[in-house]
Amino acid sequence: QHTDIIKTWLGEKVEFVCGDLRDSRFCEEVSTGFDVVINLAGRAYGLEYSMAHHGEMLYHNTVIQLQMLEAARINGVKRFLVVSSSCVYPDDAPIPTPELDAMIRLPEKVNEGYGWAKRIGELQARYYHEEYGMEIAICRPFNPYGGRYRWSGEKSHVIPTLIKKVLDGHNPLVVWGSGRQRRNFLHARDTARLMMMVTEHFPCAQPVNIGYDD
C-alpha cells in the first residue's frame, strides 16, 4: 500500500526492490552504482516486546548494519548514513542529552539488545571511516513517529499504542511508568529532513542527536 502511494507521488523516480539485508549478496546487489546509501532498515519495536527479546534485537539489527556497510565499501559507495538510536545511552543519561560516549556503561535497560546493536553499528562506522576513508554520517534519532505508523500489537511503539487504547475505549486508560519519565518524540518529516542534513554536512563518523527539547 505504501509503495503504491509513493509511486503515485514520484512516478518512475523511485525503484523498489524487495530482499533480505541479512544476505550479503543482496546487499552488494542493491548498493551497486550509488553515490549515497542511507540505511533505514532495522527491527525496532515497543518496549514490551524489546525488553523480552534482547537477543533477537541484537542479532538482526547488527547483521543488517554490518552487511550493508560492508557491501557499500566493496562497491565504492562514497557516502553512507548509519542510523543509530537514542537507545545507545544509559538509563541515567542527562536530559536534554548531549552526544555522550556510547561505550560507557550499559545501554538503556529495556532496549539493551537493540542499543548494543546500534553501538556496534557506530563502532563499525568509525573503523571504516578511519581504515578505508569512507564518508560516513551517524545520527541518533529520538523516538520518530508519524501518521502512517501501523498498529502492530505487542510490537507497537508508545504513540500508536496509546492512540489505539483511546480509540478502543479503554477505561481506565493505562500509561506505563511512574509518570515522571520524559520522552522526546520526532515527527517522521523532521526525522527525514534532519537525516538528510546530517548525511550532507557531517560525514565524519561522529554521532549527531536528532530531536527537539519541546
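Here the structure is a predicted model, which is why all the values come from computation and not from measurement.

Draft legend 1. The arrangement of helix H6 (residues 158-167) in detail. When we look at burial in H6, the residues that qualify are Val-158, Pro-160, Thr-161 and Lys-165. Phi for Gly-169, located one or two positions after H6, is positive at around 75°.

Draft legend 2. Representation of empty space enclosed by the protein within the structure. For the structure shown, the criterion picks out one cavity of 30 Å³ or more. A volume near 80 Å³ is recorded for the largest cavity. Taken together, Asn-39, Ala-41, Asn-61, Ile-64, Gln-65, Val-82, Val-83, Ala-117, Lys-118 and Gly-121 make up the full set of residues lining the largest cavity.

Draft legend 3. Region of the structure containing the pairing of strand S2 (residues 79-83). Extensive coverage of S2 is indicated by the burial of five of its five residues. Side-chain alternation along S2 places Arg-79, Leu-81 and Val-83 on one buried face and Phe-80 and Val-82 on a second face that is also buried. Taken together, the four bridges between strand S1 (residues 36-39) and S2 define a ladder with parallel strand orientation. Each bridged residue has a counterpart across the sheet, and for Ile-38 the counterpart in S2 is Leu-81. As defined by bridge partners, S2 adjoins strand S3 (residues 135-141) across five bridges and the pair is classed as parallel. Its bridge partner lying in S3, Val-83 is registered against Cys-139. The parallel pair S2 and S3, bridged by helix H5 (residues 112-132), forms a crossover whose chirality is right-handed.

Parameters and conventions
- Residues numbered from 1 in each chain as written.
- Predicted model: local features only at pLDDT ≥ 70, side-chain atom pairs only at ≥ 80, totals over all residues.
- Heavy atoms only, no water.
- Buried < 20%, exposed > 50% of the residue type's maximum accessible area, 1.4 Å probe, protein only.
- Helix = DSSP H or I, 4+ residues; strand = E, 2+ residues; numbered from the N terminus.
- 1 Å grid on protein atoms, 1.4 Å probe; cavity = no way out; pocket = protein on both sides within 12 Å on 5 of 7 lines; lining within 4 Å.
- Points joined across faces, edges and corners; volume = space filled by probe spheres on them.
- Pairing = 2+ DSSP bridges.
- Right-handed = clockwise from strand over helix to strand, strands pointing away.

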